[in-house]
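The chain contents come next:
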Amino acid sequence: MRVTVSRDGFRARAIAGTNTVMIALDCDEPLRQGLLGFGFRRELPDGSGKWLRSLKVFKSQIPDPRKAVKDGKAITTEEHPIQSYIWSDYGATPSTKYKFKIVPMYGQPGALQPRAALEIDITTEQEFDGHHGVWFNRGAIASQAFANEFKNKKPEDPDDPNDKETKWLSRGLLEACLDYIDSTPPTDALRVCAYEFSYVPILAALKNALDRGVDVQIIYHGKESYDKAAAKAGIPKTKNGKKIIFRRTKPKIPHNKFIIRLESGTKPVEVFTGSTNFTASGFLGQTNVGHRINDADTARQYLAYWKVISEDPERAAARTAVMELTPDPPALPAADSISRLFSPRPKATLLNWYGDRIGDATNSVMFTAAFTINPVLMAPLATDRDFLRFVLKEKPPSADEAKALKADRDLVISYGAVLGKMYTFKNGKAVARIPI
């Protein structure tokens, strides 16, 4: 949902997702003189609301913000406004109507003079609309927000979906996956394909599904630790003479994570997939996403892929089968269509397809890369264009990446953190070193 408002020379544009509302601000040049920032107040339809928290303070008013936070003092944008023209609220709730009041602040610290507020009415998106659902966890266990909320302590019980730290980190991702499994009726079937397979809540949900009569079959990376996790959860290798567990030994890193639901045990109708490994770190520690797609064509193609993988094929056989299932798509797929692209592929030509799609973009590009950025994708990302390209990486950009991607002000690079480590550079590459 997108809303644009203006008042008295100030302008605001808000974009709402499920849990986040992004707001961009602007104002006429003369109004920037003496502007100290913006106060943000969020209200519900019944009029209840609050001034939202600020992370930066006027030192003349709060000399020691750490002590103020420790003493329980509320630091809000009413007294310490946001000193930026871009701001996001990460504490929104899905399918909820909000009114944001954005107040330009002038005057002096401790004696602010508010101007008339910009008011934005916005509704956050549904998590699942019956056709497509998207869940992003917070993936922020190393963040300042987690430290402020939970005193920098790890979750007391990451295997308990109701643990408050677990729920905060998951932000609905774990709950969505569990609901997908738990809501499967006994007459249906589940076909699971996992790389890492050790997270107790997911394994327990699959065991419960088996117990209530769901036809469950599971592929996972054939490691002893995952065998032990499945056995501990009570998931049998076979049941009533039917194979339940399929160990995958080829390739070395089989990065598949999806669960297909078969209506009446035979008709593929839904898929739960995404980047999330079935581990505690996948759901809670790393930044990941889950997709629930209620689309029969997508489910049928995933089931065909599952059958290929269940045979534990060699790389050459897998590539041949994958290209038959998902050949390279056309340059311009049909509007509102879904394109499935499976791996492994025999050539890197699909990188050129992705590069062309980045080059075709006209209003924004949002790109994630855990490790490095292929040069084929670097060129279209670095091309100077008058709209935002945002690159999110696990590690700081290498020297080559930084040189290519930092020349344009409309290209933003951000990176996360590995808990307990810091990064330095060696031969132009980011490497983790001294624990912090």
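Please refer to the structure placed before this passage.
What you see is a predicted model; the values in this text were computed from it and never measured.

Further remarks concern the overall build of the protein chain. Check the secondary structure of the protein chain and you find twelve helices and 23 strands. Scaling as 2.2 N^0.38, a compact globule of 436 residues should have a C-alpha radius of gyration of about 22 Å, and the protein chain matches this with 24 Å. Taken along its principal axes, the extent of the C-alpha atoms in the protein chain is 75 × 45 × 45 Å. The buried share of the protein chain, reckoned over its 436 residues, is 43%. Sequence-distant contacts, at least 24 apart, represent 61% of the contacts inside the protein chain between residues at least 6 apart. Of the roughly 23400 Å² that the protein chain leaves accessible, carbon and sulfur atoms contribute 52%. Separation of charge centres in the protein chain, based on 63 positive and 51 negative side chains, amounts to 5 Å.

This part takes up the pattern of salt bridges. Tallied over the full model, the rule gives 29 salt bridges. Of the charged contacts, one joins Lys-250 and Asp-312 as a salt bridge, the two residues approaching to 3.4 Å between their closest N and O atoms. Here Lys-250, found in the loop between β15 (245–248) and β16 (258–263), pairs with Asp-312, found in the loop between α8 (296–310) and α9 (315–325); they are 62 residues apart in sequence, far enough to count as distant. Exposure remark for Asp-312: the relative accessible area of 15% places this residue in the buried category.

All right, on to helix α5 (residues 200–211) then. Counting along an α-helix, one turn takes 3.6 residues, and residues three or four places apart therefore face a common direction. Compared with the 16 Å implied by 1.5 Å per residue over twelve residues, the 16 Å span of α5 between its first and last C-alpha is a close match. Considering only its buried residues, α5 is in contact with α4 (173–182), β11 (189–193), β12 (215–221), α6 (224–232), β13 (238–239) and α7 (280–285).

So, on to a nonpolar patch on the surface. Taken together, the side chains of Met-366, Leu-388 and Val-412 make up a nonpolar region of the molecular surface, amounting to roughly 260 Å² of accessible area. Within the element layout of this structure, Leu-388 appears in strand β20 (residues 388–393).

Turning to the side chain of Lys-393, a few remarks are in order. Here Lys-393 lies in strand β20. For Lys-393, a relative accessible area of 4% gives the class buried. One polar contact links Lys-393 to Glu-401, side chain to side chain, over a distance of 3.4 Å.

A rise of 1.5 Å per residue sets the reference length of helix α10 (residues 349–360), with its twelve residues, at 16 Å; its end C-alpha atoms lie 17 Å apart and thus fit the reference within 8%. Of the positions making up α10, those classed as buried are Leu-350, Trp-353, Gly-355 and Ile-358. Residues of α10 that are buried in the fold lie against β19 (364–369) and α11 (375–382).

By secondary structure assignment, the location of Thr-184 is in the loop between α4 and β11. Excluding residues that lie within four positions of it along the chain, Thr-184 makes contacts with Leu-190, Arg-212, Val-214 and Arg-261.

To continue, consider the packing of aromatic side chains. A complete count under the given rule lists 18 aromatic pairs for this structure. Taken together, a centroid distance of 6.1 Å and an interplanar angle of 90° make the contact between Phe-10 and Phe-38 edge-to-face. Placement of Phe-10 in strand β2 (residues 10–16) and of Phe-38 in strand β4 (residues 37–43) is noted, with a sequence separation of 28 residues between them. Comparing Phe-10 with Phe-38, the two get one shared label, buried. Arranged with centres 5.9 Å apart and planes meeting at 70°, the rings of Phe-38 and Tyr-85 form a pair that is edge-to-face. Of this pair, Phe-38 sits in strand β4 while Tyr-85 sits in the loop between α1 (65–70) and β6 (86–89), placing them 47 residues apart in sequence. Given a relative accessible area of 33%, Tyr-85 falls into the partly exposed group. Taken together, the ring pairs connect Phe-128, Trp-135, Tyr-180 and Phe-272 into an aromatic cluster. The ring of Tyr-106 carries Arg-115 above its face, with NZ or CZ at 3.9 Å from the centroid. Its end group placed over the ring of Phe-387, Arg-389 keeps NZ or CZ at 5.9 Å from the ring centre.

Analysis parameters
- Within any chain, residue numbers begin from 1 and follow the written order of that chain's sequence.
- Two thresholds apply to this predicted model, a pLDDT of at least 70 for residue-level local features and 80 or more for giving and counting side-chain atom pairs, whereas whole-chain, interface and lining totals are computed over all residues.
- Processing note: side-chain calculations cover all non-hydrogen atoms of the structure and skip hydrogens and water entirely.
- Labels follow the DSSP assignment, with helices taken as runs of H or I lasting at least four residues and strands as runs of E lasting at least two, numbered in each case from the N terminus.
- Every radius of gyration here is taken over C-alpha atoms, with the globule rule written as 2.2 Å times N^0.38, N being the number of residues.
- Per-residue accessibility, obtained with a 1.4 Å probe over protein chains only, is compared with the maximum for each type, and a residue is labelled buried under 20%, exposed over 50%, and partly exposed between these values.
- Every residue pair with non-hydrogen atoms within 4.5 Å of one another is taken to be in contact.
- Here the accessible surface of atoms and residues is derived via Shrake-Rupley with a 1.4 Å probe, and residues count as covered only by protein chains that are part of the display.
- The charge count treats Lys and Arg as positive and Asp and Glu as negative. His and the chain ends do not count.
- Every charge is mapped onto a representative atom, which is NZ of Lys, CZ of Arg, CG of Asp or CD of Glu.
- By definition here, a salt bridge exists when the distance from a side-chain nitrogen of Lys or Arg to a carboxyl oxygen of Asp or Glu is within 4 Å.
- Expected helix span is computed as 1.5 Å times (number of residues minus one).
- Each patch is built from residues lacking any salt bridge and having more than 30% relative accessible area; the joining distance is 9 Å for like charges and 5 Å for nonpolar side chains (Val, Leu, Ile, Met, Phe, Trp, Tyr).
- Pairing of N or O atoms within 3.5 Å defines a polar contact, subject to two protein rules: one partner must be a possible hydrogen donor and the other a possible acceptor, and residues neighboring in sequence count only if both atoms are side-chain atoms.
- Note on ring pairs: Phe, Tyr and Trp rings are taken, using the six-membered ring of Trp, and paired if centres are within 6.5 Å. Classes follow the plane angle, with under 30 degrees stacked, over 60 edge-to-face and the rest tilted.
- Cation placement over rings: the criterion is NZ of Lys or CZ of Arg within 6 Å of the ring centroid and within 35° of the ring normal.

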